[in-house]
Amino acid sequence: MNIQSALTRHLKKTLRKREFWFTILLYPAIAAGYFYLKNSSAFRELAGKPHVWYFVLAFIFFLYIICYVSFEIVEKKLLHKVQGDKLRIKQEQDQR
């Protein structure tokens, strides 16, 4: 087996995984937001209030659910488009 083809196949499998895309997109955005807020004096003042933390955690969870659902919807639409294209090609080949 060729090493290049094995690496290419492994890379394609990794790119298809949604966990990979969440790791690449969502977690760095959360870290950037944290570092931005860490230097803010208004954030330090609000950090001492527990009800603010409940809201922040609920908001992050809500955003995660929204991103995950929208990612699933887009992925399903793209998957159906690919399957539809394959079906159309197969039907065209059967008509010949």
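Residues numbered from 1 in each chain as written. Predicted model: local features only at pLDDT ≥ 70, side-chain atom pairs only at ≥ 80, totals over all residues. Heavy atoms only, no water.

Novice: Please provide a residue-by-residue account of the overall build of the protein, values included.
Specialist: A count of helical and extended segments in the protein gives four helices and zero strands. When the helices and strands of the protein are listed from N to C terminus, the series reads α-α-α-α. In the protein, which comprises 96 residues, the share counted as buried stands at 4%. (Helix = DSSP H or I, 4+ residues; strand = E, 2+ residues; numbered from the N terminus. Buried < 20%, exposed > 50% of the residue type's maximum accessible area, 1.4 Å probe, protein only.)

Novice: Break down the packing of aromatic side chains for me, with residues and values.
Specialist: Under the criterion given, the structure shown has one aromatic pair. Plain terms: the ring middles of F55 and F59 are 5.9 Å apart, the flat faces sit at 20° to each other, and that makes the pair stacked. Residue F55 and its partner F59 are located together in helix α4 (residues 50-95), separated by four residues, close to a single helical turn. Of the residues examined, F55 reaches a relative accessible area of 56% and is grouped as exposed. Relative accessible area serves as the criterion here: at 42%, F59 is assigned to the partly exposed category. (Phe/Tyr/Trp six-rings, centres within 6.5 Å; stacked < 30°, edge-to-face > 60°.)

Novice: An account of a positive patch on the surface is requested, with residue identities and associated values reported.
Specialist: A cluster of basic side chains, namely R9, K12, K13, R16, K17 and K86, defines a positive patch on the protein surface. It is helix α1 (residues 3-16) that provides the largest number of residues to the positive patch, a total of four residues. Considering the arrangement of structural elements, one finds K86 in helix α4. The class of K86 is exposed, set by a relative accessible area of 58%. (Patch = residues over 30% accessible without salt bridge, like charges linked within 9 Å, V, L, I, M, F, W, Y side chains within 5 Å. Areas by Shrake-Rupley, 256 points an atom, 1.4 Å probe, with all protein chains shown as cover. Salt bridge = Lys/Arg side-chain N within 4 Å of Asp/Glu carboxyl O. Lys, Arg positive; Asp, Glu negative; His and termini not counted. Charge placed at Lys NZ, Arg CZ, Asp CG, Glu CD.)

Novice: Requested: an account of the confidence of the model for the protein, with residues and values cited.
Specialist: Across the protein, the average pLDDT comes to 76, with 90% of residues at 70 or higher. Mean pLDDT values for the elements of the protein range from 73 in helix α3 (residues 41-47) up to 78 in α4. (pLDDT = per-residue confidence, 0-100.)

Novice: Describe in detail a nonpolar patch on the surface, supporting the description with residues and values.
Specialist: Taken together, the side chains of Y27, I30, I60, F61, Y64, I65, V69 and I73 define a hydrophobic patch exposed on the protein surface, amounting to about 720 Å² of accessible area. When residues of the nonpolar patch are traced back to their parent elements, those giving at least two are α2 (18-38) and α4. With six residues, the top contributor of residues to the nonpolar patch is α4. By the secondary structure assignment, I30 is in helix α2. With a relative accessible area of 41%, I30 lands in the partly exposed category.

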